[in-house]
Amino acid sequence: MDVGTERTAVGIRDVVKRFGTFTALTGATLEIRDNEFFTLLGPSGCGKTTLLRMIAGFEDVTEGAIFLFGEEIEDLPPNKRPVNTVFQHYALFPHMTVAENIAFGMRMLKQPRAEIEARTLKMLGLVKLGDFAERKPHQLSGGQQQRVALARAMAPDPKVLLLDEPLSALDLKLRQAMRVELKQLQRETGITFVFVTHDQEEALTMSDRIAVMSAGEIQQTGTAHEIYEKPANRFVADFIGETNLIDVTIEQVDGKSCLCRLEGGTALEATAAETPMAGAKGHISIRPERLSLTEAEDGVGELAGTVYHTVYLGTDTQHLVRLDDGAEVIVRTQNAHHAAVDFNPGDRAALQVDAGAVRLLVT
Amino acid sequence: MAGGFGGGATVSRTFAPVRNWLLLPSWAVIGIFLVVPVGIMLVYSFLTKEFRGGVIWEFSLAAYDQFIFDRGLFGDEAPTIEWTYITIFLRSIIQALVATVFCLVIGFPTAYFIATREPASRSIWLFLITVPYWVNLLIRTVSMKFLIRDNGPLNEFLLWTGVISEPLALVNTNLAVQLGLFYSYLPFMVLPIYASVERYNFALSEAAADLYADRWTTLRQILLPAVRPGIIAGCILVFVPSLGAFLAPDLLGGAKNFMIGSLIEEQFKGNAGNWPFGAAASMILLTMVLIVLMFYARQQSRADQGGR
């Protein structure tokens with residue numbers, strides 16, 4: 001992958017970050033395309049914020065290179081990089097009004113005063129804060145401060161906008177509304193967004209593409225659909241959504257598909273990201289909503305077990321099933337499609353797997 | 001605030017008698033150590049002087065008159081402005097201002113340096129700053145005199161390096177007084193600035209850099225406004241005691257560099273003094289200080305409205 005071309009908005013090539021003896025990033029390579037809503041997703045401490053701060057210029061790069069539209073930028077100070085950041089806790093200048101905050105970047109770029117005023121007004125309108133121009137940040141609600149931070153970062157028309165968990169300080173309702181607004185804003189302005197979050201729902205709803213990170217490494221890069229349906233490894237499968245992971249032995253390999261034998265002897269057909277090795281151990285991942293329960297017929301080779309717990313969740317019902325093979329799985333049924341049979345704890349049930357829903361994970 | 005008010009009012013009504021009794025020690029301290037002494041000074045400044053020190057209980061404006069007007073040796077000439085004391089006063093203000101600026105220029109980077117160290121080492125730096133203050137101010141001022149005298153270590157060192165060929169005559173100059181004041185009050189500048197820099201949200205500096213501000217602009221437009229309360233507090237804590245200082249001017253400045261503190265001290269020392277005049281000079285000094293403090297209070301309340 002050539003990340004240093006002009007078509008790539010942000011190119012990350014073999015970037016390593018060490019703090020003393022601690023390695024925060026072990027060698028990341030990424031290609032963030034122009035006009036893309038790109039998300040760095042991972043649990044806290046996975047290195048996603050460090051990577052973002054290196055793109056912004058707040059952290060030095062220990063090894064590797066960072067490109068911005070083909071230009072190598074890792075040695076430039078933050079004020080020389082045409083990228084802007086929306087900070088987690090907004091970092092609005094407390095002694096300046098909303099309008100002064102928004103105008104700050106343009107003022108530093110020494111743009112003509114009339115232009116700054118016009119653009120400030122436009123940004124105020126864009127984030128629906130026209131009536132708040134003369135307020136100080138502490139007179140605004142959290143959601144309004146968030147919008148000011150967004151307007152301030154977008155006002156100088158950056159080539160790339162970096163967002164460091166910008167929604168984490170908001171309450172749930174506001175967070176959901178802001179997701180839609182952020183996505184709309186990105187589409188309207190066409191600015192490349194690099195968004196950092198630990199919230200997978202945020203990542204799935206807004207992103208064009210997502211890089212899932214863990215322990216200083218990029219685990220998988222792809223669209224929301226790809227990382228959910230075709231997780232590259234155990235971590236991604238487990239971190240994104242809910243899944244059932246079952247230990248298996250690989251048999252009868254045919255290209256990327258194979259037969260996976262559970263410990264109890266039942267075999268399921270699965271597909272893998274790369275051609276697996278017959279005889280090796282692995283795991284299969286099956287999403288709970290891709291499983292369904294039917295009345296047990298106790299046929300040979302069929303996946304069957306005993307329901308030991310049911311949880312009613314409103315939109316759907318979750319059944320916890322102990323398989324005859326020994327593994328425990330979660331089955332999720334939508335309540336809208338009324339199941340013919342109600343399963344209660346202690347009931348025997350057979351499990352049906354949707355076609356193509358079994359994913360083999362070797363690592 | 002508004003939400004908690006109802007609860008607070010209920011509590012204070014219940015405990016009102018008890019609370020008044022508990023406040024008594026505070027009132028007593030303020031009364032005995034503030035109101036009564038200042039009251040005595042105020043009264044004395046309007047009395048007639050006794051020649052061997054002390055006062056005659058007879059109302060007189062002579063002390064204030066003497067500060068401002070010259071009526072000749074026998075008091076029978078037409079009044080002209082008496083510049084001696086006004087000059088001393090102005091010199092004191094200038095000396096105190098220069099000392100404050102001096103302390104700020106050195107104190108701010110020092111405080112910034114300490115506040116940006118690792119949390120563990122900060123307390124060590126602060127400790128080092130305060131160590132000299134375990135020694136009495138008089139002794140520290142005398143040792144400053146020893147350091148800068150003609151054959152003291154400073155001159156010896158400069159002669160040895162060849163920067164100068166004759167020892168610098170530092171003692172009994174304004175510069176010596178400055179050094180004394182600076183050395184006496186530097187921590188009063190460092191500590192409040194340290195406290196405000198330590199509370200400063202450094203993400204603001206990052207945000208400024210992210211928005212294309214260079215380091216100098218970030219310092220001036222983002223950091224300084226944010227730590228301004230600490231700077232103002234430090235300036236007042238240095239300016240006010242510098243204005244009334246008498247040890248440094250006495251020991252390091254000599255007669256030429258008399259300051260208001262020394263003038264007041266003279267009036268109460270031995271038999272030669274003039275108590276009403278000393279009291280009047282004190283009241284004038286106090287008024288000056290109050291004006292500075294009121295200026296600070298106004299700045300502070302404006303900052304509270306504007307900032308967080």
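Quick note: structure is the one above.
How each quantity is defined
Residues numbered from 1 in each chain as written. Chains lettered and ligands numbered in written order. Predicted model: local features only at pLDDT ≥ 70, side-chain atom pairs only at ≥ 80, totals over all residues. Heavy atoms only, no water. Helix = DSSP H or I, 4+ residues; strand = E, 2+ residues; numbered from the N terminus. Expected span 1.5 Å × (residues − 1). Bend = angle between axes of the 7 residues up to and from the residue. Contact = heavy atoms within 4.5 Å. Salt bridge = Lys/Arg side-chain N within 4 Å of Asp/Glu carboxyl O. Polar contact = N/O pair within 3.5 Å; in protein donor to acceptor, adjacent residues only side chain to side chain. Pairing = 2+ DSSP bridges. Axes fitted to C-alpha atoms, helices over the stretch in contact; angles between N-to-C directions. Buried < 20%, exposed > 50% of the residue type's maximum accessible area, 1.4 Å probe, protein only.

This next bit is on helix H9 (residues 215–243) of chain B. Its 29 residues give H9(B) an end-to-end C-alpha distance of only 35 Å, which falls more than 12% under 42 Å, the value for a rise of 1.5 Å per residue. The sharpest bend along H9(B) reaches about 60° and sits at B:Arg228, with the proline B:Pro229 one to four residues further on.

Moving on, we get to the interface of chain B and chain A. Tallying the contact residues gives 19 residues for chain B and 26 residues for chain A. Counting across the interface, chain B meets chain A through one salt bridge. Here B:Glu206 ties to A:Arg53 by a salt bridge, and the two come within 2.6 Å at their closest N and O atoms. Summed over the shared surface of chain B and chain A, the number is eight residue pairs in polar contact (both at pLDDT 80 or more). Of all the secondary structure elements, the ones that give two or more residues to the side of chain B that touches chain A are helix H8 (203–210), H9 and helix H12 (275–306) of chain B. Considering each element in turn, the side of chain B that touches chain A owes the most residues, seven residues, to H8(B).

With that out of the way, let us pick up the sheet that holds strand E7 (residues 160–164) of chain A. Sheet strands pair by backbone hydrogen bonding; their relative direction is either parallel or antiparallel. All names here are of chain A. A sheet is described by the order of its strands in space; here six strands give the open sequence E6-E7-E8-E3-E9-E10, paired in mixed fashion. Edge positions in the sheet fall to strand E6 (83–86) and strand E10 (217–222), since each of these pairs with one other strand and no more. The average undirected angle you get between the axes of adjacent strands in this sheet is 20°. Pairing between strand E3 (residues 37–41) and strand E9 (residues 209–214): four bridges, direction parallel. Residue Leu-41 lies in a different strand from E9, and its bridge partner there is Val-212. Sheet strands in contact with helix H1 (residues 48–56) are E3, E6, E7, strand E8 (192–197) and E9, and its direction is about 145° off that of E7.

All names here are of chain B. With a phi angle near 65°, Asn-172 is a residue other than glycine that sits in the positive phi range. Within the fold, Asn-172 resides in the loop between helix H6 (153–161) and helix H7 (174–199). According to the relative accessible area criterion, Asn-172 is partly exposed, its value standing at 35%. Its identity is not glycine, yet Tyr-212 carries a phi of approximately 75°, on the positive side. By the secondary structure assignment, Tyr-212 is in the loop between H8 and H9. On the basis of relative accessibility, which here comes to 12%, the residue Tyr-212 falls in the buried class.

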